[in-house]
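# Examination of the molecular architecture
Each chain, letter by letter, is given below.
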Amino acid sequence: MTEPVYARKRIMGNLPDILQLLFTGLAVGSIYAIIAVGFTVIFSSTQVVNFAQGEFVMIGAMVSYWLVGAEHGPHLPLLLALPLAVLAAMLVGSALGWVLMRPLKDASVTSLIIITVGASMLMHGVASLLWGKDPVAVAPFSNTSGYSLTLPAALTGPHAYPVYIGTQELWVMGLAALVVLALTFFFNRTMIGKAMRAVSVNRHGARLIGINVSRVVVGAFALSAAIGAIAGAAIAPISMASYGMGTMLGLKGFAAAIVGGLGNFPGSIIAGLLLGIMENFSATYLSSQYKDAFAFIILLGVLVISPQGIVALFRRRRASV
Amino acid sequence: MTALLDIRHLTRAFDGLLAVSDVSFSIAGGQITALIGPNGAGKSTLLNLVSGTLPPTGGVITYQGQVISGCPPHRIAEYGIARTFQHVELFMNMTAAENVMVGRHLRSRGTLFSAMFRLFGTAAEERRVREDALRFLERVGLREDADTPASALPFGRQRLLEIARALATEPKLLLLDEAASGLSTREKRELVSLIYAIRDAGVTIFMVDHDMDLVMSISDAVVVLDHGEKIAEGTPTAVQHDARVIAAYLGEEAAHA
Amino acid sequence: MSRVRPSPTLISVLLGIALVALAPCVVTNSYALVPLTFIAIYTILVIGLNMLMGYAGQVSLGHAAFFAIGAYTSAILSTQYGCSPWAAMPAGMALAGIVALLVGMPCLRLRGHYLAMATLGFGMIVYILLMEWPDSPPLLLATLGRLLHLPASTPWPFTGGASGLPDIPALAIGSFVFHTNLQKFYLTWAFAILALLLCANIVNSRVGRALRAVHGSEAAAATLGVNIAAYKIHVFVLSAILAALAGSLYAHAVGFISPPTFNFIRSVDFVVMVVIGGMASIWGAVLGAGTIVLLGNWLQDVGAKFPRLAEFDLIIHSAILILVMIFMPAGIVCTARDAVLRRLRGRATAPAAAAPAHSEEVATP
């Protein structure tokens, strides 16, 4: 066997697989990225790590499922159901922000963590009561199922599988891009967005120049909940929806937020995308059972090497050169 | 005159804003040195840099020839530097005596393990630590309040308790951050004699204060900060007549008017 | 510590022993002793978590994982390797301690939420490992074993996956086996009281004082020479070891373990127990564990009649968590005690100055 030629053929033969994994990984990664952004929105304006972030995702998924597809639900069109689901999550998010106002003043990290964990469990419990414990399948956003993309035979050799481009994955990526664009506009162009940024830089100063800090805190929670809900509604057709889906998604979003550097927008988006891709590859090539453990191993690794995130690590390298 | 503490080009930036900027001076052993300056001059920040509560972003602090800047605060305490805080930082969940007993932390050795199983010597050490603590309370006149919760003490006594707690570490250098603020005239007088007593026991004192009369009457040397920069240094009389110092304080008064 | 009058710790311990000794006279139904046994087991774990949350100011959302490490080490060593349970127990504690050191080292130098998230992730990893543990050694480990000349007959540990591990032997001294509910009740409470005593010793010592100081003001404690990061790691490791001890007792008392006992929800339940008992009060651990175990039992009884009601436990636990943290951050016990004391004293001495908020931020100019 002439090794090099064989090896190259194998890689070429695997090209469709690799592209496929890249594509689906990017879709899941976009979800992690926007969940991470949701963490970042709350963290940067309140210094709170919201352990209930994943539950916003769950609310988005379950409410839109119930409004559109559930047997005893109202069978609304998606275009109406999606905003309603986002609204529901925003209401819950504002309530959480409002509840946290008092402990926020005492600035005890411990009680903030415990309250958001409690809120997470509460939503968990209520959801399991409302919608039961079984995961439900959710209809995709559009009826067209997807496109098969056949790569030129010159690249892959004969008998290669085509790459499957799922419509829902495209929806996920599109929505994620939209969320990022909308947020950029929101923080740079609107008054309330600028107020949130001011609070994140200097809470006391913001209060002095007349910004209503409590309103900003509640606003940050509502905004973050909306982002989470969009992520949930978008991922549900791919992953199914259940009352417990939020814990794992929230944790992975948090892992992305840490890897990107807590409070760093572009960092968390890139980290989220990378996490999705790496997870997808490791599930295929290493072990599918331990797929979920992978994100946490990365999280712990980053905490050991550079708790300020990977971006900070590069920045420090450059500064020391 | 040997310098106990030497500060060279000390700098601390907060998000690009320089709170302390390229400050250099030294503190002589056995003296009372005061750091003064208008509001927001960076006095407390400088004290936090010396005690390690904040790491500097530039410059070097040397204590008895050893570089201490960048060390964590507990390491700096081991070198023999103790401090009080501008906003009293007592352990409000503990009694006065217990507060001072924490000050004996470095002078006792019990570990988690020995405490759990009450190994040989634990009880004896515990007794000794308490006796020591009472002695330090005595020195600041708080012996009667030993078993009062720190939170129940009046403000003036809380300030004294903080000093007792700092003294319990047996420091060579004591940093006092606005120790006189919020005290009555009588309490201030008592504080001054306490500071003299501490100095006479061989402890060097570096204090930050607002109260001009107090600072000018008791300190041997004065350093003046304004906008994070050192603008004057010298004896109290010399500093009082320094044009830049007068300008800095006048500016502050003009701003208040 | 004056030698003349007995210390409050000693009195509490003697009182505890008396209560435990007499409890079976009141609770004559041996089935009713089972929840009391669980209270003892959870108390052991909650004391450690209480010290971590109350004194080190850190939250662990993964203590069910350390509980699992104790239980599974005990179960695997005693059923598959023929170890005595008394040897398996410290092995599990040591393993949990080492793992806690590895997880805690990077996180405990950072502020609160890092440890919480890392332990939450760690708990998930352990849960996945318990479920998906391979039946035979992975290639890498098998090769390593061959290189180290381990005999080929060395058994590969087996977790039983989702169906769990049955037939775990009960603890025994000589030929005396702790078999009946009453014997297990006494055994677990002996451990619980010992753990309470040892931890009370810590609280009333140099280290405990330093920890309480950290609780009061981190900045001040550090400038007095307290190495805060080191103490936080000590407490975290201690809490993991206690959790493993509890896990080991659980395995030998129940005789059967499976992953759902050790999931994320369980970790949160432990936090609820701490919060009910009040952070930084190790005697509150008994109350916290008691409330949750008895509440769970009651819900199960009620659930037999109204099936839907049994699903409310999560909601009730989380509601307790949120309400207590907002309205009684000192815990139910301490708040109630303080209220009673205030009544008795008739508000004699109001503190002169309200304690300033101990934020970690350092005064900026």
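Residues numbered from 1 in each chain as written. Chains lettered and ligands numbered in written order. Predicted model: local features only at pLDDT ≥ 70, side-chain atom pairs only at ≥ 80, totals over all residues. Heavy atoms only, no water.

If you tally the helices and strands in chain A, you get 13 helices and 2 strands. Relative to the globule expectation of 20 Å for 321 residues, the C-alpha radius of gyration of chain A, 21 Å, shows essentially globular dimensions. Oriented by its inertia axes, the alpha-carbon framework of chain A measures out at about 75 × 65 × 35 Å. Counting only residues that meet the buried cut, chain A has 53% of its 321 residues in that class. Total accessible area on chain A is roughly 14,900 Å²; 68% of this is exposed by carbon and sulfur atoms. If you average the places of the 18 positive and of the 9 negative side-chain charges in chain A, the two averages end up 19 Å apart. (Helix = DSSP H or I, 4+ residues; strand = E, 2+ residues; numbered from the N terminus. Rg over C-alpha atoms; globule rule 2.2 N^0.38 Å. Buried < 20%, exposed > 50% of the residue type's maximum accessible area, 1.4 Å probe, protein only. Areas by Shrake-Rupley, 256 points an atom, 1.4 Å probe, with all protein chains shown as cover. Lys, Arg positive; Asp, Glu negative; His and termini not counted. Charge placed at Lys NZ, Arg CZ, Asp CG, Glu CD.)

On the chain C side, the residues contacting the 40 residues of chain A number 42 residues. Roughly 3,800 Å² of surface becomes buried between chain A and chain C when both sides are summed, with 82% attributable to carbon and sulfur atoms. Among the residues chain A hides against chain C, the three largest losses belong to Ile 114, Met 121 and Leu 129 of chain A. Together they make up 17% of the total. Across the contact surface, chain A and chain C share 0 salt bridges. Our enumeration of links across chain A and chain C arrives at 2 residue pairs in polar contact (both at pLDDT 80 or more). Where the side of chain A that touches chain C is concerned, the elements lending two or more residues are helix 1 (3–46), helix 3 (78–106), helix 4 (109–131), helix 10 (245–259) and helix 12 (291–305) of chain A. When the residues that make up the side of chain A that touches chain C are grouped by side-chain class, the tally is 30 nonpolar, 8 polar and 2 charged. (Contact = heavy atoms within 4.5 Å. Buried area = accessible area lost by both parts, 1.4 Å probe. Salt bridge = Lys/Arg side-chain N within 4 Å of Asp/Glu carboxyl O. Polar contact = N/O pair within 3.5 Å; in protein donor to acceptor, adjacent residues only side chain to side chain. Nonpolar A, V, L, I, M, F, W, Y, C, P; charged D, E, K, R; others polar.)

Before going further, it helps to examine the sheet that holds strand 10 (residues 229–234) of chain B. All names here are of chain B. Judged by pairing direction, the sheet is mixed, and its 6 strands sit side by side in the order 6-7-8-3-9-10 without closing on themselves. Edge positions in the sheet fall to strand 6 (81–83) and strand 10, since each of these pairs with one other strand and no more. Neighbour-to-neighbour, the strand axes of this sheet turn through a mean angle of 20°, independent of strand direction. Sheet topology note: the strand 6/strand 7 (residues 173–177) ladder contains 3 bridges and is parallel. The residue of strand 7 that forms the bridge with Arg 83 is Leu 175. Sheet strands touched by helix 1 (residues 43–51): strand 3 (32–36), strand 6, strand 7, strand 8 (204–208) and strand 9 (221–226). Its angle to strand 7, the strand with the most contacts, is close to 150°. In the packing of helix 7 (residues 185–200) onto the sheet, contacts are made with strand 3, strand 7 and strand 8, and the angle to strand 8 comes to roughly 145°. (Pairing = 2+ DSSP bridges. Axes fitted to C-alpha atoms, helices over the stretch in contact; angles between N-to-C directions.)

Its location among the elements puts Ser 111 of chain A in helix 4. A C-alpha to C-alpha distance of 16 Å links Ser 111 of chain A and Ile 42 of chain A, two positions 69 residues apart in sequence.

All names here are of chain C. Among the surface-exposed residues, Leu 141, Leu 144, Leu 147, Leu 148 and Leu 150 lie close enough to one another that they form a single nonpolar patch of about 520 Å² accessible area. Within the element layout of this structure, Leu 147 appears in helix 6 (residues 139–147). Looking at Leu 147, the relative accessible area reads 64%, which means it is exposed. (Patch = residues over 30% accessible without salt bridge, like charges linked within 9 Å, V, L, I, M, F, W, Y side chains within 5 Å.)

We now examine the interface of chain B and chain C. One frequent convention defines the size of an interface as the accessible area lost when the parts assemble. Each side of the interface is counted separately: chain B has 50 residues, and chain C has 38 residues. For the pair chain B and chain C, the summed buried area comes to about 3,900 Å², and 65% of that belongs to carbon and sulfur atoms. The three residues of chain B that bury the most area against chain C are His 105, Leu 112 and Met 116 of chain B, which together make up 19% of that side's buried surface. In this assembly, chain B and chain C are joined by 2 salt bridges. One salt bridge connects Glu 98 of chain B with Arg 212 of chain C, and the closest N-O pair in it is separated by 3.2 Å. One can count 11 residue pairs in polar contact (both at pLDDT 80 or more) joining chain B with chain C. Listed by contribution, the elements that provide at least two residues to the side of chain B that touches chain C are helix 1, helix 2 (73–79), strand 6, helix 3 (96–103), helix 4 (112–116), helix 5 (122–140) and helix 6 (155–167) of chain B. Looking at the side of chain B that touches chain C, its residues break down into 25 nonpolar, 16 polar and 9 charged.

On to the sheet that holds strand 1 (residues 3–14) of chain B. Within a sheet, neighbouring strands are paired by backbone hydrogen bonds and run either parallel or antiparallel to one another. All names here are of chain B. The strand order across the open sheet formed by 4 strands is 2-1-4-5, and the pairing between neighbours is antiparallel. Strands at the two margins of the open sheet, each flanked by one partner only, are strand 2 (17–28) and strand 5 (66–67). Looking at chain direction, strand 1 and strand 2 are connected through 8 bridges and run antiparallel. Residue pairing for strand 2: Asp 6 is matched across the bridge by Ser 26. In the packing of helix 1 onto the sheet, contacts are made with strand 1, strand 2 and strand 4 (58–63), and the angle to strand 1 comes to roughly 120°.

Moving on to the side chain of His 317 of chain C. Note that His 317 of chain C resides in helix 13 (residues 313–327). For His 317 of chain C, the contacting residues outside a window of four places in its chain are Asp 269, Val 272, Ile 292 and Leu 295 of chain C.

Membership of the largest hydrophobic core comes to 223 residues, with the highest contact counts inside it found for Phe 51 and Ile 114 of chain A together with Tyr 42, Ile 44, Phe 66, Phe 67 and Ile 257 of chain C. The element best represented in this core is helix 10 (residues 228–254) of chain C, accounting for 17 residues. For Phe 67 of chain C, the contacting residues outside a window of four places in its chain are Ile 41, Tyr 42, Leu 45, Ala 243, Ala 246, Gly 247, Tyr 250, Thr 261, Phe 262 and Phe 270 of chain C. One finds Val 100, Leu 161, Ala 166 and Ala 248 of chain B within the second-largest nonpolar core, a separate group that totals 53 residues. (Core = buried A, V, L, I, M, F, W, Y, C linked by side-chain atoms within 4.5 Å.)

Residues and elements named next belong to chain C. Taken N-terminus to C-terminus, the directions of helix 2 (residues 33–54) and helix 7 (residues 181–203) make an angle of 20°; their axes are 8 Å apart at the nearest point. Taken together, helix 2 and helix 7 sit at an angle that is classed as roughly parallel. Crossing of helix 2 over helix 7 shows left-handed handedness. Two secondary-structure elements touch here, helix 2 through Leu 33, Val 34, Leu 36, Thr 37, Ile 39, Ala 40, Ile 41, Thr 43, Ile 44, Ile 47 and Met 51 and helix 7 through Asn 181, Leu 182, Lys 184, Phe 185, Thr 188, Trp 189, Phe 191, Ala 192, Ala 195, Leu 196, Cys 199 and Ile 202. (Parallel < 35°, antiparallel > 145°, perpendicular 65-115°, else oblique. Left-handed = near helix turned anticlockwise from the far one by under 90°.)

Attention now goes to the pairing of strand 9 of chain B. All names here are of chain B. Across the 6 residues that make up strand 9, a large majority, 5, are buried. Summarising the sheet, strand 3 and strand 9 pair through 4 bridges and their orientation is parallel. Following the sheet pairing, Ala 34 is matched in strand 9 by Val 222. Bridging between strand 9 and strand 10 involves 5 bridges; their strand directions are antiparallel. Counted as the bridge partner of Val 224 is Ala 232 from strand 10.

All names here are of chain B. Considering all chains together, one arrives at 19 salt bridges over all chains under this definition. Two residues, Asp 145 and Arg 157, come together in a salt bridge whose shortest N-O distance is 2.5 Å. Of this pair, Asp 145 sits in the loop between helix 5 and helix 6 while Arg 157 sits in helix 6, placing them 12 residues apart in sequence. One salt-bridge network, held together by shared partners, links Arg 104, Asp 132, Arg 135 and Glu 170.

Attention shifts here to the confidence of the model for chain B. Here chain B averages 90 in pLDDT, and 97% of its residues register 70 or above. For this predicted complex, the interface confidence comes out at an ipTM of 0.90, alongside a pTM of 0.88. (pLDDT = per-residue confidence, 0-100.)

Turning to helix 10 of chain A, a few remarks are in order. All names here are of chain A. The first and last C-alpha atoms of helix 10 sit 22 Å apart over 15 residues, in line with the 21 Å expected at 1.5 Å per residue. Counting buried residues in helix 10 gives 15 out of 15 residues, a clear majority hidden from the surface. Gly 261, located one to two residues past helix 10, shows a positive phi value of around 95°. (Expected span 1.5 Å × (residues − 1).)

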